[in-house]
Amino acid sequence: NISQLLLTDNLSTTTNEPLINSPTLTRVNVWRNIYSSYLGNRIQVSSIFSVEMFKGLKLIQPPSVRYYTNFLNHSFRQVTPILRNRKYSNMASYAKIGGLEVHPVLKGCVENEIIPGSGIAAGKFWKDLETLLREFTPKNFALLKKRDSIQAQIDAYLLERKGKEWDAGAYTSFLANIGYIVPEGPEFKVDTQNVDAEISSIAGPQLVVPVDKARFALNAANARWGSLLDAFYGTDAGPPQTKGLEKGSSYNPARGAEVFKISHKFLDDFFPMTEGAKYNDVAEFKLSGSSLQMVLKNKKTVGLADSNQFVGFNKNGSSLSNVLLKHNNLHVDIQIDRSSPVGSTHAAGVKDIFVEAAVTAIADFEDSVAAVDAEDKSIIYRNWTGLMKGTLADKFKKGGKEVSRVLNQDKSFVSAASGKEFILPGRVVFLVRNVGLHMMTDAVKFAETGQMVPEGLLDLMITALASFHDVSDAAKSKSFFNSRTGSVYIVKPKQHGPEEVQFTVDTFARAEELLGIPRNTLKIGIMDEERRTSVNLKECIRPAKSRCIFINTGFMDRTGDEFHTSFYGDAFLPRAGVKKAPWLQAYEDWNVDTGIETGLLGVAQIGKGMWAAPDSMADMLKTKGAHPKSGANCAWVPSPTAATLHAIHYHETFVQDVQQKL
């Protein structure tokens, strides 16, 4: 069935001639990528094709449109513009700007929605984009050609030794001889400046969100705070839905009472009271001077075992309406309202418990989105701009009613120590993931040849342009900020080794120079998901030592590259076997150790991969606590609810202590 997916009239042989004008898109690579992606279990749901796209394609056994879409989009996106160019070419008239041809939809988005208010003139931006593309496109293709050259040598090595006894030492020497493993240089420490605390020093969940959907992007932005009661009430992490404890279509007080018991246990564990008192027995929260007191149902008054955990409050009249606690650099907001439907059922009038959840999020241009042409790219650029401006909003139908969603305001409290008002952020700090070097786009083309341009370079320039609305001097008067330190955080995926990281750093520096951005404003997150990056991780961080704010691991991509690299080696373990293989744990540990060795502590995030089962929150609670225990100060989650529950793990483990021990 896999082989049938691409057996069209134009992809009907197995020879290795290039397809169209792509130096890396040969038939051998087609099948290699399909196979490794399939084994890596990287199929995800998306929707970029319509049924009309398939008319005229001669498939031996036509699969469902959804299956073809899911498989092709996530695992082999480069085929998409090729299919479109051959049989369904976009008839839109491109605008010629200098030596570029720009799709009219992208041109309109940039000139009418991103540039106004940025301080950059349209003519200058297009000129700067062309300069960057002409300077770096040849190097981009040279690096892709080098990937193929190295892979061809590895293929030949493995084929020559097929069936022979394996010599790991000889293989390591071979990889060094062909430049796959590079020599390790002298010791160094990263010196990245102007990093927001959410990245440098606050450990917590990291949400990854497809930014092509404004609603999802807003949900992620507002996931800085999450209702612990909702998370337990609505998922399998809460009480079993036995008779009488069903979620139902309206609030079930019986289920709510059980949820309170679980939530009280959370407070007991991380905000213990004096004399061993329990939150199940609290009848009132009150102030005594600047101290927090809890009156129990037996009329006894107790305080916090650590009074420093009480950091703020709000009042409604003479009664407390908010009690703000702090543990492991994360806040918890106990909200009190005896007149509310939930608060009226609680002895102390607690209506909700909000925990600081996703302190950061990644607005994704890459794996989780279907963005392959000018229309798609314009959507994600538009939404990213809205996040940077603080103006992103959306309206949608939910339960038959129209719902409006906007970015949350910051939260205001009275300081328990000083009595003065202070502000806590109401939204995450966003990073943005651009695409890798291997992606091309026809949203912009070189006028003289019609050649598609490297999509990552286009992403970089428009990401930076949109970020003017957050970090420029003109932006300082607005009320919504992403970075309070004037930085732009760009995560770069699919980099193979130090030379490609150096290329990315060079493009960042040139973009800053062209657009007039202070040097090192554009920070880099290095995804450790390709084997050539893993074995050279220290040397990958070296060229980015003044920009690096993030490294992380990821099971699916890293395993997929293992399949891809060793395609002509021996048989692979099934997925469950890979999960238990020694190399995988070594890879995870090596990433943390290298991050610590190169001085990322207190400067950057050391991250772990995605929990890919959003409906299995009970299992996540049981297992994902291993990530902070490993020394990682962030780990990926798929939803705001998952972020709320994963935050519990960062109360269980103070990551900075783990990192210091390591």
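Residues numbered from 1 in each chain as written. Predicted model: local features only at pLDDT ≥ 70, side-chain atom pairs only at ≥ 80, totals over all residues. Heavy atoms only, no water.

A. Up close: the nonpolar core. One finds Leu106, Phe125, Phe285, Leu387 and Phe430 to be the most contacted residues of the largest nonpolar core, which totals 135 residues. Counting 13 residues, the second largest nonpolar core, distinct from the first, contains Val208, Ile362, Leu431 and Val491. (Core = buried A, V, L, I, M, F, W, Y, C linked by side-chain atoms within 4.5 Å. Buried < 20%, exposed > 50% of the residue type's maximum accessible area, 1.4 Å probe, protein only.)

B. View of the confidence of the model for the chain. Scored by pLDDT, the chain has a mean of 89; 86% of the residues are at 70 or more. Confidence drops under pLDDT 50 across residues 1-28; counting only partners more than four residues distant or on other chains, this segment forms 68 contacts. Segment residues 35-90: pLDDT under 50, and 122 contacts once partners within four positions in sequence are set aside and those in other chains are kept. (pLDDT = per-residue confidence, 0-100. Contact = heavy atoms within 4.5 Å.)

C. Seen up close, the pattern of salt bridges. Under the definition given, this model contains 39 salt bridges. For lysine 494, the salt bridge is made with aspartate 557, and the minimal N-O distance between the two is 3.4 Å. With a gap of 63 residues between them, lysine 494 in the loop between strand S20 (488-492) and helix H13 (498-515) and aspartate 557 in helix H16 (residues 555-565) connect regions that are remote in the sequence. Owing to a relative accessible area of 7%, lysine 494 belongs among the buried residues under this scheme. Of the residues examined, aspartate 557 reaches a relative accessible area of 13% and is grouped as buried. Ionic contacts of the salt-bridge type, sharing partners, join the residues Asp364, Glu366, Asp367, Arg433, Lys494, Glu529 and Asp557 into one network. (Salt bridge = Lys/Arg side-chain N within 4 Å of Asp/Glu carboxyl O. Helix = DSSP H or I, 4+ residues; strand = E, 2+ residues; numbered from the N terminus.)

D. Region of interest: the sheet that holds strand S1 (residues 95-97). If you walk across this open sheet you meet the four strands as S1-S2-S18-S19, and the pairing is antiparallel. Each edge of the sheet is formed by a strand with only one pairing partner; in this case those strands are S1 and strand S19 (452-454). Recorded for the sheet is a direction-independent mean angle of 50° between the axes of neighbouring strands. (Pairing = 2+ DSSP bridges. Axes fitted to C-alpha atoms, helices over the stretch in contact; angles between N-to-C directions.)

E. Quick look at helix H12 (residues 455-471). With 17 residues, H12 extends 24 Å between its outermost C-alpha atoms, agreeing within 8% with the 24 Å of an ideal straight helix rising 1.5 Å per residue. For H12, the buried fraction is high: 16 of the 17 residues fall into the buried class. (Expected span 1.5 Å × (residues − 1).)

F. Summary view of the environment of phenylalanine 285. By secondary structure assignment, the location of phenylalanine 285 is in strand S5 (residues 282-288). With a relative accessible area of 8%, phenylalanine 285 lands in the buried category. With 38 residues separating them in the primary sequence, phenylalanine 285 and valine 323 have C-alpha atoms 8.1 Å apart. Discounting chain neighbours no more than four positions away, the residues touching phenylalanine 285 are Tyr279, Leu292, Gln293, Met294, Leu320, Val323, Ile334, Ile336, Ala348 and Val350.

G. Local environment of the pairing of strand S24 (residues 634-637). Of the two faces of S24, the one lined by Cys634 and Trp636 and the one lined by Ala635 and Val637 are each fully buried. Across two bridges, the pairing between strand S3 (residues 206-210) and S24 is parallel. Residue pairing across strands places leucine 207 opposite valine 637, the latter belonging to S24. Here strand S23 (residues 605-608) pairs with S24 via two bridges, running parallel. Within S24, the position partnered with lysine 608 by the bridge is alanine 635.

H. Spotlight on the sheet that holds strand S6 (residues 291-296). On the basis of which strands lie adjacent, the open sheet formed by three strands has the order S5-S6-S7 and antiparallel pairing. Only two strands of the sheet have a single neighbouring strand rather than two, namely S5 and strand S7 (301-302). Bridging between S6 and S7 involves two bridges; their strand directions are antiparallel. Note that in S7 the partner of valine 295 across the bridge is threonine 301.

I. Representation of unusual backbone geometry within the structure. Phi at asparagine 194 is positive, roughly 60°, even though this residue is not glycine. With respect to the helices and strands, the residue asparagine 194 is situated in the loop between helix H6 (168-177) and helix H7 (197-200). Phi is positive for asparagine 328, which is not a glycine, with a value near 55°. Residue placement: asparagine 328 occurs in the loop between strand S9 (319-327) and strand S10 (330-336).

J. Up close: the packing of aromatic side chains. For the structure on display, the rule yields 16 aromatic pairs. Relative to phenylalanine 174, the ring of tyrosine 171 has its centre 6.4 Å away and its plane inclined at 25°; by these criteria the two rings are stacked. Taken as a pair, tyrosine 171 and phenylalanine 174 lie in helix H6 at a separation of three residues, close to a single helical turn. Exposure class is identical for tyrosine 171 and phenylalanine 174. Each is buried. Where phenylalanine 266 meets phenylalanine 270, the ring centres are 5.4 Å apart and the plane angle is 65°; that geometry is what we call edge-to-face. Placement of both phenylalanine 266 and phenylalanine 270 in helix H10 (residues 253-270) is noted, with a separation of four residues, approximately one turn of the helix. Judged by relative accessible area, which is 12%, phenylalanine 270 ranks as buried. An aromatic cluster is present here, built from Tyr157, Trp166, Tyr171 and Phe174 joined pairwise through their rings. Sitting over the face of the ring of tyrosine 157, arginine 161 holds its NZ or CZ atom 3.6 Å from the ring centroid. Sitting over the ring of phenylalanine 481, lysine 478 keeps its end group 5.0 Å from the ring centre. (Phe/Tyr/Trp six-rings, centres within 6.5 Å; stacked < 30°, edge-to-face > 60°. Lys NZ or Arg CZ within 6 Å of the ring centre and 35° of its normal.)

K. Structural view of the pairing of strand S8 (residues 310-316). S8 sits mainly inside the fold: five of its seven residues count as buried. As paired strands, S8 and S9 are joined by six bridges and run antiparallel to one another. Paired with glycine 312 across the strands is leucine 324, a residue of S9. Hairpin connection between S8 and S9: a loop of two residues separates the two successive antiparallel strands, and glycine 317 in this loop has a positive phi of roughly 70°.

L. Main features of the packing of helix H4 (residues 104-114) against helix H11 (residues 374-389). It is the contact of H4 with H11, at a shortest axis distance of 9 Å, that shows an interaxial angle of 10°. Between H4 and H11, the angle is such that the two are roughly parallel. As for how H4 packs across H11, the hand of that crossing is right-handed. Where H4 approaches H11, its residues Val105, Leu106, Cys109, Glu113 and Ile114 are matched on the opposing element by Ala374, Glu375, Ser378, Tyr381, Arg382, Thr385 and Lys389. Within the contact of H4 with H11, the residues separate by chemical class into six nonpolar, two polar and four charged. (Parallel < 35°, antiparallel > 145°, perpendicular 65-115°, else oblique. Left-handed = near helix turned anticlockwise from the far one by under 90°. Nonpolar A, V, L, I, M, F, W, Y, C, P; charged D, E, K, R; others polar.)

M. Expanded view of the packing of H12 against H13. In contact at an axis separation of 11 Å, H12 and H13 are set at 45° when each is read in the N-to-C sense. As far as their axial angle goes, H13 and H12 are oblique. Both H12 and H13 take part in a crossing whose hand is right-handed. Contacts between H12 and H13 involve Leu457, Leu460, Met461, Ala464, Leu465 and Phe468 from the former and Phe503, Thr507, Phe508, Ala511 and Leu515 from the latter.

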